[in-house]
Amino acid sequence: MYKDTSENFVQKTVENSHPEIGEVKLPVKKGIKKENIELKTFLRHLPDVVCLSHLRWDFVYQRPQHLLSRFARFGRLFFVEEPIFDEVQKPFMQISTRGENIHIVVPYLPHGLDEEQREALQRELLDELFQNQSLEKPILWYYTPMALSFTDHLQPALTVYDCMDELAAFKFAPPRLKELEQQLFQKADLVFTGGQSLYEAKQKQHRAVYAFPSSIDKAHFSQAKESLTPPADQAAIPEPRLGFCGVIDERMDLELLTEMADARPEWQFVMVGPVVKIDPATLPQRPNIHYLGGKTYQELPGYLAGWQVALLPFAINESTAFISPTKTPEYLAAGKPVVSTPIRDVVRPYGDAGLVHIAGTPAEFVAAIELALEQHQDKVWQADVDAFMSTISWDQTWQGMVELLAQASEQKKKQG
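A brief structural summary. These figures come from a predicted structure and were not determined experimentally.

Turning to the packing of helix 2 (residues 63-71) against helix 14 (residues 394-414), a few remarks are in order. Direction vectors running N to C along helix 2 and helix 14 enclose 60°, while the axes themselves pass 10 Å from each other. Considering their axes alone, helix 2 and helix 14 lie oblique with respect to each other. Seen from above, helix 2 lies across helix 14 with right-handed handedness. For the pair helix 2 and helix 14, contact is made by Arg-63, His-66, Leu-67, Arg-70 and Phe-71 and by Trp-394, Asp-395, Thr-397, Trp-398, Met-401, Val-402 and Leu-405, respectively. Taken together, the residues of the contact of helix 2 with helix 14 break down into 7 nonpolar, 2 polar and 3 charged.

Along strand 15 (residues 309-312), one buried face is formed by Val-309 and Leu-311 and the opposite face, lined by Ala-310 and Leu-312, is buried too. Both strand 12 (residues 241-245) and strand 15 contribute to a ladder of 2 bridges, which runs parallel. Residue pairing for strand 15: Leu-242 is matched across the bridge by Val-309. Note that the unit made of strand 15, helix 10 (residues 327-333) and strand 16 (residues 338-340) has a crossover that is right-handed.

Before going further, it helps to spend a moment on the packing of aromatic side chains. Inspection of every chain in the model, using the stated rule, returns 13 aromatic pairs. An angle of 65° between the planes, with centres 5.3 Å apart, marks the rings of Phe-71 and Trp-141 as edge-to-face. Of this pair, Phe-71 sits in helix 2 while Trp-141 sits in strand 8 (residues 139-142), and the two are 70 residues apart along the sequence. By the burial criterion, Phe-71 is buried, and Trp-141 matches it. Taking the centre distance of 4.9 Å and the plane angle of 0° together, the rings of Phe-92 and Tyr-108 count as stacked.

What follows is about the pattern of salt bridges. What the rule picks out here adds up to 18 salt bridges. The partner of Asp-58 in a salt bridge is Arg-98, and the shortest N-O contact between them spans 2.6 Å. You can see Asp-58 sitting in the loop between strand 3 (49-52) and helix 2 and its partner Arg-98 sitting in the loop between strand 6 (92-97) and strand 7 (102-110), a full 40 residues away along the chain. For Asp-58, a relative accessible area of 52% corresponds to the exposed category. Taking relative accessible area as the criterion, Arg-98 reaches 29% and is therefore assigned partly exposed. Between Asp-395 and Arg-70 there is a salt bridge; the shortest N-O distance is 2.8 Å. Taken as a pair, Asp-395 in helix 14 and Arg-70 in helix 2 lie far apart in primary sequence, 325 residues in all. There is no split in this pair, since Asp-395 and Arg-70 are both buried. Look at the salt bridges and you will find they share partners, linking Glu-115, Glu-119 and Arg-176 into a network.

As a further point, take the sheet that holds strand 12. Sheet architecture is open: 6 strands sit in the order 14-13-12-15-16-17, paired in parallel fashion. Single-partner strands in this sheet number two, and they are strand 14 (289-293) and strand 17 (357-358). In this structure, strand 15 lies alongside strand 16, joined through 3 bridges in parallel fashion. The partner of Leu-312 across the bridge, within strand 16, is Ser-340.

The rules behind these values
- Every chain begins its residue count from 1, and numbering advances along the sequence as written.
- Two thresholds apply to this predicted model, a pLDDT of at least 70 for residue-level local features and 80 or more for giving and counting side-chain atom pairs, whereas whole-chain, interface and lining totals are computed over all residues.
- Neither water nor hydrogens contribute to the side-chain values; these are computed over all heavy atoms in the structure.
- To get an axis, fit a line to the C-alpha atoms, keeping to the stretch in contact for a helix; angles then go from 0 to 180 degrees between the N-to-C directions.
- A run of H or I in DSSP becomes a helix once it reaches four residues, and a run of E becomes a strand once it reaches two; helices and strands are each numbered from the N terminus.
- Any angle that falls under 35 degrees is termed roughly parallel, while one over 145 is termed roughly antiparallel, one within 65 to 115 roughly perpendicular, and all others oblique.
- We call a crossing left-handed when the near helix sits turned anticlockwise from the far one by less than a right angle, and right-handed when that turn is clockwise.
- Throughout, a residue-residue contact means that at least one pair of heavy atoms, one from each residue, lies within 4.5 Å.
- When residue character is reported, Ala, Val, Leu, Ile, Met, Phe, Trp, Tyr, Cys and Pro are called nonpolar, Asp, Glu, Lys and Arg charged, and the others, Gly included, polar.
- Note on classification: 1.4 Å probe, protein chains only; a residue is buried when its accessible area is under 20% of the maximum for its type, exposed when over 50%, partly exposed between these limits.
- Only strands that DSSP links by at least two bridges are regarded as paired with each other.
- By convention, a crossover is right-handed whenever its connection, traced from the first strand over the helix to the second and viewed with the strands pointing away, goes clockwise.
- Each aromatic pair joins two rings of Phe, Tyr and Trp (for Trp, the six-membered one) with centres within 6.5 Å, and gets the label stacked for planes under 30 degrees apart, edge-to-face for over 60, and tilted for any other angle.
- One speaks of a salt bridge when a side-chain nitrogen belonging to Lys or Arg is within 4 Å of a carboxyl oxygen belonging to Asp or Glu.

The following block contains the structure:
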């Protein structure tokens, strides 16, 4: 079983922990009593966690993987993805593992099913999973309200809705999403949001809504400050390199990218990430725009190390109104100056604190990049970034969530 030796999980060892887990350590932050008996007891007896997700575990390593992998240090995690439709005679669940205690569950369904048939089969397959894996009263952790259509009969220990995006505003959002989200609000014990703007939009829809903006694995991205071997597909691209890493979809301001590339043909725009939900043929093609495709989480520091400036060229539209880009602190941890369009959760707090340049038009974006190219020598900015980054981590975000889970669990026990 997993033995936590991470230096980020510090200070307090759980006495008499399960022998199969070994010494597990709880992160301790300012204001939290070291003798937090409820928290220690909760983690020692942590139920299995079953996550229902619209994202695939192996797609882009982001918020769900950071948070849920920490639960897997204390017990079993089952990450249930959306179905894959294939030429199958009989529906089935494929289960694979990603290290200790992490189980990836993918339903395979035949083509040609209507919505009612899809939901019925997923319900049946999930019931089989619960029976075969002896899943009794797990924590149900939702990333998509759509999963409620085939899980509303389950009796979990706790129900959590980690609302990381306003999914109803995304391209191809299912028509029933808003309706099912309201039902999920009724069932959830806790609602977490992926940013401050999303919290402000959801706070009146549930009695227990908490903002947990996406955080940072500083040690991982700080590798970009070191001398790393340049990736082969980036090494030949001239400098200065201005980079973006993440999903390239309807949220990207392609017109902005085009105008910048035309305005500064000597600048090289490096776009790292998969193209999703938009036709790749619509991407602007210029000699100084380079699409390098998706990369693994482990590869990202190597790419960031070769950039002079990191970009957040998001469009300002309905689909970006509530996003809180995880890549903002990742860029900063990598030591890169950042230029962003005025995304609200980037303006607050990063822009307001002077850590990130905010630009609303192509001309402003170009001017901001010119300033950012000189920022490597700015010791005051570097000190401000370091001070801000010292206050956030995925460990702290996860602990804050677990403390609320422990409290909610205790309340449910008292209520009978």
